[in-house]
Amino acid sequence: MRNLQNASHRRFNPLTGDWVLVSPHRERRPWQGQMEKPHEAPALAYDPNCYLCAGNPRANGARNPQYKGVYAFDNDFSALTPGLSCEAVDEGGLLVAQSEAGICRVLCFSERHDLALARMETSQIEKVVAAWTQEYETLGALDFVDYVQIFENRGAAMGASNPHPHGQIWATRSLPNEVAKETSRQADYLARKGSCLLCDYLALEETHRERIVCANEHFVALVPFWATWPFETLLLPRRHLGSLADFREGEAPALADILRRLTLRYDNLFETAFPYSMGFHQKPTDGRAHESWHFHAHFYPPLLRSASVRKFMVGFEMLGSPQRDLTPESAATRLRAAPENHYLDRGAT
Ligand SMILES: [Zn+2]
Ligand SMILES: [Zn+2]
Ligand SMILES: [Zn+2]
């Protein structure tokens, strides 16, 4: 196929087995749909009404300590509870349910209400990486926890209820859908080819280079060939490793560096507090080796052509396959061109 930049086609996601429809010729169509409210960064370093700011009361009556840097606690409105017995329902394979135990934690990235990963120092983000690692190890060591999902929802457009920089950690007894798909597809690939799916994919992307956004000694951020969201990215370690717990000297600071530089580009793309859902996929904590697992992060941002126009996954996408107009190659070109100093920190000087 020669015409990936002009003719409609579909692309295969080897991590999930799903397809995405790409329609580059539709990129110029006029927009008369919903306009988003501005995604403004919070102006105050401390907000007396924020339930995540240091020293403030939370909804359940607890009070946050006067923390500096990172602060983790159990979610006051947890979606999961620990210590449930294993019960199951199965009526003819049609009415099927299982009890699900788990723990939901909240991790504040900074005591500063007005910061985001994009505006934090690399050394501050390193503390966040250290906290993620500790949560993964501690929760993953629990008998009933087979998987630890670390994620961040940023911005009201992605359902974040509070602008204070924070993420969540959900530890579950079973593998969530996306992780189950990636686990079996990576294992299949290793069995068929004798090598790692994402190691091979990264090597291929480094020969093409057209989808790479930024990189450092240990990590590469790229728009995956099969990206669904307009400015979706995939963050990959250069070395084959399964989880945050496998990091060696130099890799945690390198992850902090690439997270800062990628989120900076996102904010600068439309000069807005760029909304996204991001999270790490890593090997399950069920005690098995999972040699095929290659640690990575996904960023799924909803914005499409400006700070006020977002993508909706509706119609054909709900009923058929996801679809995109902007090609992953054009998205990567635009993210590569975005500056690496934050628009809010430029100006007078
Ligand atoms: Zn706050
Ligand atoms: Zn690998
Ligand atoms: Zn993944």
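Please refer to the structure higher up on the page.
Since the model is a prediction, treat every value here as computed from it, not as a measurement. Counting from 1, residues in each chain are numbered in the order their sequence is written. As they are written, the chains are lettered A onward and the ligands numbered 1 onward, keeping that order. pLDDT decides what is reported in this predicted model: residues at 70 or higher carry local features, side-chain atom pairs at 80 or more are listed and counted, and totals for whole chains, interfaces and linings draw on all residues regardless. Side-chain metrics in this entry use all non-hydrogen atoms of the structure; hydrogen atoms and water are not considered.

S.K.: I keep staring at the coordination of the zinc ion (ligand 3) and nothing clicks. Help me out?
M.R.: Geometry sets the ideal angles at a metal, namely 109.5 degrees for four tetrahedral donors and 90 or 180 degrees for six octahedral donors. Here the zinc ion (ligand 3) is held by Glu182 (OE), Glu182 (OE), His281 (ND1), His296 (NE2) and His298 (NE2), and the distances to it run 2.0 to 2.3 Å. Along the chain, the residues donating to the zinc ion (ligand 3) fall in the pattern E-x98-H-x14-H-x1-H. Here's how the labels work: a residue is buried when its accessible area is under 20% of the maximum for its type, exposed when over 50%, partly exposed in between, all with a 1.4 Å probe on protein chains only. Judged by relative accessible area, which is 6%, histidine 298 ranks as buried. For Na, K and Ca the donor cut-off is 3.2 Å, while for other metals it is 2.8 Å, and in both cases only N, O and S atoms qualify; water is not among them, so sites may look incomplete.

S.K.: What is the right way to look at the packing of aromatic side chains in this model?
M.R.: Aromatic rings in a pair are described by how distant their centres are and how their planes are angled relative to each other. Two rings from Phe, Tyr or Trp (for Trp, the six-membered ring) form a pair when their centres sit within 6.5 Å of each other. Planes less than 30 degrees apart are called stacked, planes more than 60 degrees apart edge-to-face, and all others tilted. Taken as a whole and judged by the stated rule, the model has 16 aromatic pairs. Seen in terms of ring centroids, tyrosine 266 and tyrosine 276 are 6.4 Å apart; in terms of plane orientation they differ by 35 degrees. Their pairing is tilted. Taken together, the residues tyrosine 266 in helix H4 (residues 251-269) and tyrosine 276 in strand S12 (residues 276-281) connect sequence positions 10 residues apart. Summarising the burial analysis for this pair, tyrosine 266 and tyrosine 276 share the class buried. Centroid distance tyrosine 266 to phenylalanine 299: 5.7 Å. Interplanar angle 50 degrees. Geometry classified as tilted. You can see tyrosine 266 sitting in helix H4 and its partner phenylalanine 299 sitting in strand S13 (residues 296-300), a full 33 residues away along the chain. Take tyrosine 266: its relative accessible area is 0%, and that puts it in the buried class. Three or more aromatic residues link up through ring pairs in this structure, and these residues are Phe109, Trp132, Phe219, Phe247, Phe280 and Phe295. Positioned above the aromatic ring of phenylalanine 73, the side-chain terminus of arginine 58 is 3.8 Å from the ring centre. Two limits define a charge over a ring: the Lys NZ or Arg CZ must be within 6 Å of the ring centre, and within 35 degrees of the ring normal. Above the face of the phenylalanine 312 ring, arginine 310 is positioned so that its terminal group lies 5.0 Å from the ring centre. Runs of E in the DSSP output that reach at least two residues are strands. Runs of H or I that reach at least four are helices, and both are numbered from the N terminus.

S.K.: How should I be thinking about the pairing of strand S11 (residues 233-237) in this particular structure?
M.R.: Side-chain direction in a regular strand flips from residue to residue, so the side chains alternate between the two faces of the sheet. In terms of burial, S11 is a largely internal element, 5 of the 5 residues being buried. By definition, two strands form a pair when at least two bridges between them are found by DSSP. Inspection of the sheet shows strand S10 (residues 219-222) paired to S11 by 4 bridges, in the antiparallel sense. What sits directly across from alanine 221, in S11, is leucine 235. Both S11 and S13 contribute to a ladder of 3 bridges, which runs antiparallel. Paired with leucine 235 across the strands is alanine 297, a residue of S13.

S.K.: I would appreciate a short explanation of the coordination of the zinc ion (ligand 1) in the present structure.
M.R.: Looking at the metal site, the zinc ion (ligand 1) is ligated by Cys50 (SG), Cys53 (SG), His113 (ND1) and His164 (ND1), spaced 2.0 to 2.3 Å from it. Geometry at the zinc ion (ligand 1) is tetrahedral, judged from its 4 donor atoms and the angles of 105 to 114 degrees they form at the metal. One chain supplies every donor for the zinc ion (ligand 1), spaced along it as C-x2-C-x59-H-x50-H. Placement of cysteine 53 in the loop between strand S2 (19-22) and strand S3 (71-74) and of histidine 113 in the loop between strand S6 (102-108) and helix H1 (122-140) is noted, with a sequence separation of 60 residues between them. Relative accessible area serves as the criterion here: at 4%, histidine 113 is assigned to the buried category. Angle rules define the geometry names used: all angles between 85 and 135 degrees makes four donors tetrahedral, while opposite donors over 155 degrees apart and all other angles between 65 and 115 make four donors square planar and six octahedral, leaving every other case irregular.

S.K.: Help me understand the sheet that holds S10 in this model?
M.R.: Within a sheet, each strand pairs with its neighbour through backbone hydrogen bonds, oriented either parallel or antiparallel. Strand order in this open sheet of 9 strands is S3-S6-S8-S7-S12-S13-S11-S10-S9, and the pairing throughout is antiparallel. Of all the strands in the sheet, the pair left with one neighbour each is S3 and strand S9 (212-215). Neighbour to neighbour, the strand axes of the sheet diverge by 20 degrees on average, direction disregarded. Note on contacts: a residue pair qualifies if any of its non-hydrogen atoms lie within 4.5 Å across the two residues. Axis geometry follows a simple rule: fit a line to the C-alpha atoms, using only the stretch in contact for helices, then measure angles between N-to-C directions, giving values from 0 to 180 degrees. Sheet strands in contact with helix H2 (residues 177-193) are strand S7 (147-154), S12 and S13, and its direction is about 45 degrees off that of S12.

S.K.: How do you make sense of H4 when you look at a structure like this?
M.R.: Structural remark: α-helix, 3.6 residues per turn; residues separated by three or four positions point the same way. Here the expected span of a helix is defined as 1.5 Å times the quantity of residues minus one. Taking 1.5 Å per residue, 19 residues should reach 27 Å; H4 reaches 27 Å between its end C-alpha atoms and fits that length. Among the 19 residues in H4, 16 count as buried, and that is most of the element. Residue glutamate 271 follows H4 closely and has a positive phi angle near 45 degrees.

S.K.: Sorry if this is basic, but what is going on with the packing of H2 against helix H3 (residues 197-208) here?
M.R.: Helix packing geometry: the angle between the two helix axes and the distance between the axes. In contact at an axis separation of 9 Å, H2 and H3 are set at 80 degrees when each is read in the N-to-C sense. When the interaxial angle is binned, H2 and H3 end up roughly perpendicular. Residues Arg185, Gln186 and Tyr189 of H2 lie in contact with H3, whose contacting residues are Leu197, Leu198 and Asp200. Residues of the contact of H2 with H3, tallied by class, amount to 3 nonpolar, 1 polar and 2 charged. We call two directions roughly parallel when the angle between them is under 35 degrees, roughly antiparallel when it is over 145, roughly perpendicular when it lies between 65 and 115, and oblique otherwise. Think of it as three bins: nonpolar holds Ala, Val, Leu, Ile, Met, Phe, Trp, Tyr, Cys and Pro, charged holds Asp, Glu, Lys and Arg, and polar takes everything else, Gly as well.

S.K.: Please clarify how a nonpolar patch on the surface should be interpreted in this entry.
M.R.: There is a patch of nonpolar side chains on the surface, built from Phe312, Val314, Met318 and Leu319 and spanning about 460 Å² of accessible area. Position of phenylalanine 312 among the secondary structure elements: in the loop between strand S15 (309-310) and helix H5 (316-319). A relative accessible area of 34% places phenylalanine 312 in the partly exposed class. Every patch collects residues that have over 30% relative accessible area and no salt bridge, joining them within 9 Å if they carry like charges and within 5 Å if they are nonpolar side chains (Val, Leu, Ile, Met, Phe, Trp, Tyr). Accessible surface is estimated by sampling points in the Shrake-Rupley manner with a 1.4 Å probe; for residues, cover comes only from the protein chains shown. Note on definitions: salt bridges are taken to be side-chain nitrogens of Lys or Arg within 4 Å of carboxyl oxygens of Asp or Glu.

S.K.: For this particular structure, what's the right way to read the sheet that holds strand S16 (residues 323-324)?
M.R.: With mixed pairing, the 3 strands of this open sheet are ordered in space as S1-S2-S16. Every other strand in the sheet has two partners, leaving strand S1 (9-12) and S16 as the edge strands with one partner each. Bridge count for S2 against S16 is 2 bridges, and the pairing is parallel. Paired with leucine 21 across the two strands is glutamine 323, which belongs to S16.

S.K.: Is there a simple way to think about the pairing of strand S5 (residues 95-98) in this case?
M.R.: Across 4 bridges, the pairing between strand S4 (residues 88-91) and S5 is antiparallel. Looking at S5, one finds that aspartate 90 is bridged to valine 96. In this structure, the hairpin formed by S4 and S5 is closed by a connection of 3 residues, where glycine 92 is found at a positive phi of approximately 65 degrees.

Don't take any of this as a statement about function, it's just geometry.
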